[in-house]
Every structure is written in C-alpha cells, then in structure tokens.
Amino acid sequence: MKILVCITNVPDTTAKISFTDNDTKLNKNGIPYIIGPYDDYALSRGVELKEQSGGTLTVLHVGEADADPQIRKALAIGADDAIRVNADPLDSYYTAAQIAHIAEQNKYDLILMGRESIDYNSGVVHGLVGEMLGIASYSPVMKLDIDGGTATISREIDGGKEILKAPLPLVLGCQEPIAEWKIPNMRGIMTARTKPLTVVEPVSLEEMTTPEKYSLPAPKGTCKMIPANEAETLIRLLQTEAKIL
Amino acid sequence: MSVLIYVELDNGSIKKTSLEAVAYGAKIAEKTGDKVAVLALGKADISELEKAGNYGAGKVLHAADDKLDQENSLAYADVLTQAAHQENSKIIILSKSGLGDAVAARAAAKLKAGIVSGVTGLPEINGSFKVPRGIFTGKAFATTEIKSDIKVLVVKKNAIEMDESSVRTVNADVETFSSVLRDSDFKATIVEVEKAASELSLTEASIIVSGGRGMKGPENWQPLLDLAKALGAATGCSKPVSDLDWRPHHEHIGQTGIKVAPDLYIACGISGAIQHLAGVNGSKCIVVINKDPEAPFFKAADYGIVGDLFEVLPKLTEAVKNLK
Ligand SMILES: Cc1cc2nc3c(=O)[nH]c(=O)nc-3n(C[C@H](O)[C@H](O)[C@H](O)COP(=O)(O)OP(=O)(O)OC[C@H]3O[C@@H](n4cnc5c(N)ncnc54)[C@H](O)[C@@H]3O)c2cc1C
C-alpha cells in the first residue's frame, strides 16, 4: 500500500499571535513551529498502517524551507521519504492543487491529512484534493482500518458518529482518537537524517484569494465575580444584565 | 443570477445555522441585486422548507431523490454544482460544519471557485470582494479578498446579527430540482450511524454547560446535567474528560474538538487551557465556576464564581427553576 501523509507547519497551539508590517504579515519572531496536531494524528495512523501492510509512506508539505525540521521529524516518526513543494501556499485551493499534482504522478492508495490546519482552520483541503483527483474524501475520521482494498472508517457527524466502508483510493481528514501521537526515538532521528527529502517547484496557478489584513479580537472586559454563597445572583444577572435567560 | 445557499436539514427541517446562512446570503443579494435561491437535499417537510422565505429566500430547490436522504458529501457537492449552473450563481454560501466544509470544498473544485471557510461577517463589495474570517482558532481575524469569478463562502455561526426584525412572514416557493446522480458517489456503504436522537447538538445549542477534570469522575455528572436540563442547554466537556471516557468523544470542545459559539457557555471545573479556549472564544457570554481563583479561564470569562462546583451547581439549578 502506498500512503501519502500531508502535513502543515504551524505555530504551536500555545503561541501568542501578533502581526507586523502594518498588520499584513504574521510575526513569526520567537514562535515555535510544530507539525499541525491533526496532521500528527494522520501521520501516526499512517505509520501504523504502513507497518501492518508493509507499504511505503511519503510525507508531503507545501511550504518553504523553514518547515524542514518538521519534515525531518515526520521522517523520524516513520515516513520513508518526503516531498516539499517549495511555495508559500496562498490558500486552500492552491495547496490542494499542489497536493493533487504530486498525487497524480504517484498514485497513492491512501492520502491522509489532518481534518484542518490550526492556522487557517479551513478544513477544506481534503475535499478539494479528493475532487481534483476524482476520488472520494471523508472527514473527520476518528478510526481507520484497511482490509485489502477497503477502508473501514469511523467518522464524526453532527451529534454522533457514522461507520462506513469505502474502496481505496481515498483522501481522509483525520482527528483523534485515530492514533496516539508518536514521539521519535533516537534511532528514528538518526535514520531521518539520511532519508530523501525531495524539493520540487510548484505548478503555477491563478490566484483565487489573498489575505489583505490581519487583526486581533477586541480584548475581553473584566470578569464580574459573584460570591459562591450568592450563586443565585448569577442567574439574575444573566437575565437582567446579559439578557440571555 | 442567484446567490445560492446550501442548507442542512435535521428531521426534514432547515437547521438554525443554515437559516442564518440564508439570511447572510439574502444580505449579500441586497447589495448585488441577485435573487436568493436555496438548495435542500433529501427528505424534507415542504412547509419547513418554505420558511427559508422568512429569512429572505425567493425559492427553494428541493432535490428529493431518496438516495440523498443519507448524508453524502460527494453527491451533495455534485447536486450543488448542478444547481449553481442552473441558477448561474457566482456566490455560493454554506454554514460551517464538517458536512458544510466537505460539500463546499468539492463543489469549489468542480466550479474552479475560490473558497473561504470560517467567514465571520458580511463581505465588503465595491469593485473587489473582501470577507472577514477567523484564523488561528479564534485567536485572530483576516480580511481576505476573493478574486475568482465564482466564490464559495463557508459561514460561521453569528456571522450576522439575527433579530426578530430580520425575520419576514413571506414563504419561499419550493420547486423540485431534478438532479443527476453519479454511481461513483455511492461506492461507500454506511454500516452504522450512532446518533443520540434526543440530544441537543452542540453547534446548534444556544446554551452549553461544560465540565472539566474538576468534575472528578463520570459518576459526578448529575448536578451538571440537572443545570443543563433546567436551562435547556447542551452539554460539553474538556479533552481530558473525553480522553478518560467520562463523557462521549463528540462532547469534546476545543482546539482539537468541536468549536462552539453559543450565547452562553458555562464552564465547570475547567482550568481554561489555551487549547480549550480556542473552541469557545466565539461564545457571547462565558461563565466560569472554579475553586481556584487563579484559574486562567477567569481571564476569558464575563462572570465568575470561585467555589466548589458541587455546592454551586445545585444552587444555580434551583435559581433557574425559580425563574420559571
Ligand atoms: C495540541 C493540544 C491540543 C489540545 N486540545 C484540547 C482541546 O481541544 N480541548 C481541551 O479541553 N483541551 C485540549 N488540550 C489539553 C489542554 O491543554 C488542557 O490539558 C485541558 O484543557 C485541561 O482540561 P481541564 O480543564 O478539564 O483539566 P485541568 O486543567 O486539570 O483543570 C481542572 C480544573 O478544575 C478545577 N477544580 C477541581 N476541583 C474543583 C471543584 N470541586 N470545584 C470547582 N473547580 C474545581 C481546578 O481548579 C482546575 O482549574 C490540548 C492540548 C494539546 C497539547
């Protein structure tokens, strides 16, 4: 089985977000970057499936060279090789088109990625890639097993879950508890250094959307404290002051 | 030309978040001079579909093929594309959800349309088309220009103010839409659907009562459930709570779980880690109950009670019951 796992390179979940250049650029200063947490789940399950079936796993990132440490980490976790499409991804459509282009050349059985990136939170790249390749896509996948050419998928739906069986190839957006995050071991880190990381140039595309300006939410007002022994006051305030009840 | 809105159905009626999307689309159509058309798929109650008119829709295209009764984003995207062609739609709107994103993405790829998901307000249209969107899981916003001819917007809850005055008493005309379904969209077999039928959905609920590790164990949830029941609220939880199987996974709220935007979010025994806050920062009002006055959640709250939740919760429930 040939597996492709697409990863994002994103600010750590605890990072404080700010902007520079008159609010037109993210201030990357001092921000630790990580593999997107959802992509990390996808990668972990991908590695497990590869080990079970004896296939290959390629990790793909659309982005610039500052992502290489995260790509190496993915190799240390268990990917066999990596491809980086050397571009500053403009938006979901652009990213998806680059992924689809790589996938067309390599015919993967399974394309895994996180349900969404934690920078733009769009959650649409798997669907776009699926449609561009003319294959089915499902998200958010919480459990995934492969038996021959068929995937059994447990997926979150509004207020519950759905289990479905679908033939490969598939594009899947993943989330927990599909697998436990894997931490690279020493041997993994050593071998990752010599695994191939191929850098390719993007296919050119018309620009669909451009971010213009960033902003931060208005700061919260102060929290009104209510003594615990007068808890019922809260309900009154929610009715008369906040006008919710 | 029509602004086209895809609506999700729940038991044959249009979901609340989708009605908001209809109102959102109608506001855009006012500016562009377009008509407002809605697409509904699968089994529906016609008198419920007509209600899209109350929110500004002129007509509802209803594709009633029973193959569409079961959620299928592949087929839905196909039908949405067909409707977009028929209506010559340049602006297509969906409400943000797992299904909404999936349908929007596949339709955008078919239509070669620019897509923005997570839209938080109305577009600015004058020569160019710019929409505000939430990014970094609610920690920031971006204004994004969409340059493509066809535009797909996936709109978050509360992207427009909904008040009584935006609701009209006009019904929409419901037309049957005959769609062409492709076998390739039906290759998957659905083995099982588990849905707690009576439960209020977290993304639709206007009040949510949520519990964290401070609840100390699944056997202690009753006081929280009692308050939720008194308020007519849905229940949620923090990640460790669902990881520990104290509560079902679909209640998990936060960065790696569901993002919610209710009018009122009541957090009980949740410390307020940044990853949890990321899932609730769209809430209009936040109440925090925590025994630790230093809990970070108080910084994000509108009202706070420092105290033992097992003493506070029954008092709140009592007070809510006394309201009625
Ligand atoms: C990549 C990543 C993603 C994550 N995603 C999420 C996510 O989506 N959602 C999420 O929730 N977390 C997420 N987390 C975990 C997050 O960092 C916190 O660990 C988690 O939110 C803490 O849950 P909690 O508040 O229930 O528990 P704790 O932090 O243990 O807090 C328990 C609170 O209960 C209070 N308490 C205890 N007893 C009582 C009592 N009797 N009365 C009143 N108060 C009491 C305590 O003072 C404390 O503040 C993520 C972490 C990472 C690294």
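These lines cover the structure that appears in this document, whether it is placed above or below.

1. As for the interface of chain B and chain A
When the parts of a complex come together, some accessible area is lost, and that lost area is often used as the size of the interface. Each partner contributes residues to the interface: chain B has 81 residues there, and chain A has 78 residues. Taking both sides of the interface into account, the surface hidden between chain B and chain A amounts to around 6,700 Å²; carbon and sulfur atoms contribute 58%. The three residues of chain B that bury the most area against chain A are Arg106, Phe136 and Tyr303 of chain B, which together make up 11% of that side's buried surface. Linking chain B with chain A are 8 salt bridges. Taking the shortest distance from any N to any O, the salt bridge between Glu71 of chain B and Arg155 of chain A comes out at 2.9 Å. Along the contact surface separating chain B from chain A lie 40 residue pairs in polar contact (both at pLDDT 80 or more). Its residues assigned to classes, the side of chain B that touches chain A shows 36 nonpolar, 21 polar and 24 charged.

2. Description of the packing of aromatic side chains
As enumerated under the stated definition, the model contains 4 aromatic pairs over all chains in all. Taking 4.7 Å as the distance between ring centres and 5° as the angle between the ring planes, the aromatic pair formed by Phe19 of chain A and Tyr214 of chain A counts as stacked. Of the two residues, Phe19 of chain A is situated in strand 3 (residues 19-20) and Tyr214 of chain A in strand 14 (residues 209-215); the sequence distance between them amounts to 195 residues. Residue Phe19 of chain A is classed as buried on the basis of its relative accessible area, which comes to 13%. Geometrically, the ring pair formed by Tyr41 of chain A and Trp181 of chain A is stacked, given 4.7 Å between the ring centres and 25° between the ring planes. With Tyr41 of chain A in helix 1 (residues 37-53) and Trp181 of chain A in the loop between strand 12 (170-174) and helix 5 (186-192), this residue pair connects regions lying 140 residues apart in the sequence. The exposure class assigned to Trp181 of chain A is partly exposed, which follows from its relative accessible area of 42%. Note that Lys2 of chain A overlies the ring of Tyr108 of chain A, its terminal NZ or CZ placed 5.3 Å from the centroid. The ring of Phe186 of chain B is capped by Lys67 of chain B, whose NZ or CZ atom sits 4.4 Å from the centre of that ring.

3. Topic: the layout of surface pockets
In this structure, the second largest pocket spans a volume of roughly 1,200 Å³. Along its surface, the second largest pocket is lined by 48 residues, and Asp88, Pro89, Leu90, Asp119 and Tyr120 of chain A are the ones closest to its centre. Elements with a contribution of two residues or more to the lining of the second largest pocket: strand 2 (9-11), strand 4 (25-26), strand 6 (56-62), helix 3 (92-106), strand 8 (110-114), helix 4 (125-133) and strand 14 of chain A together with strand 7 (114-119) of chain B.

4. Topic: empty space enclosed by the protein
Enumeration according to the criterion identifies 3 cavities of 30 Å³ or more in this entry. Here the largest cavity defines a volume of roughly 60 Å³. Surrounding the largest cavity, Pro11, Asp12, Thr13, Ile17 and Ile118 of chain A together with Phe136, Thr137, Lys139 and Gln255 of chain B form its lining. Residue composition of the lining of the largest cavity, by class: 4 nonpolar, 3 polar and 2 charged.

The rules behind these values
- Residues numbered from 1 in each chain as written.
- Chains lettered and ligands numbered in written order.
- Predicted model: local features only at pLDDT ≥ 70, side-chain atom pairs only at ≥ 80, totals over all residues.
- Heavy atoms only, no water.
- Contact = heavy atoms within 4.5 Å.
- Buried area = accessible area lost by both parts, 1.4 Å probe.
- Salt bridge = Lys/Arg side-chain N within 4 Å of Asp/Glu carboxyl O.
- Polar contact = N/O pair within 3.5 Å; in protein donor to acceptor, adjacent residues only side chain to side chain.
- Nonpolar A, V, L, I, M, F, W, Y, C, P; charged D, E, K, R; others polar.
- Phe/Tyr/Trp six-rings, centres within 6.5 Å; stacked < 30°, edge-to-face > 60°.
- Helix = DSSP H or I, 4+ residues; strand = E, 2+ residues; numbered from the N terminus.
- Buried < 20%, exposed > 50% of the residue type's maximum accessible area, 1.4 Å probe, protein only.
- Lys NZ or Arg CZ within 6 Å of the ring centre and 35° of its normal.
- 1 Å grid on protein atoms, 1.4 Å probe; cavity = no way out; pocket = protein on both sides within 12 Å on 5 of 7 lines; lining within 4 Å.
- Points joined across faces, edges and corners; volume = space filled by probe spheres on them.

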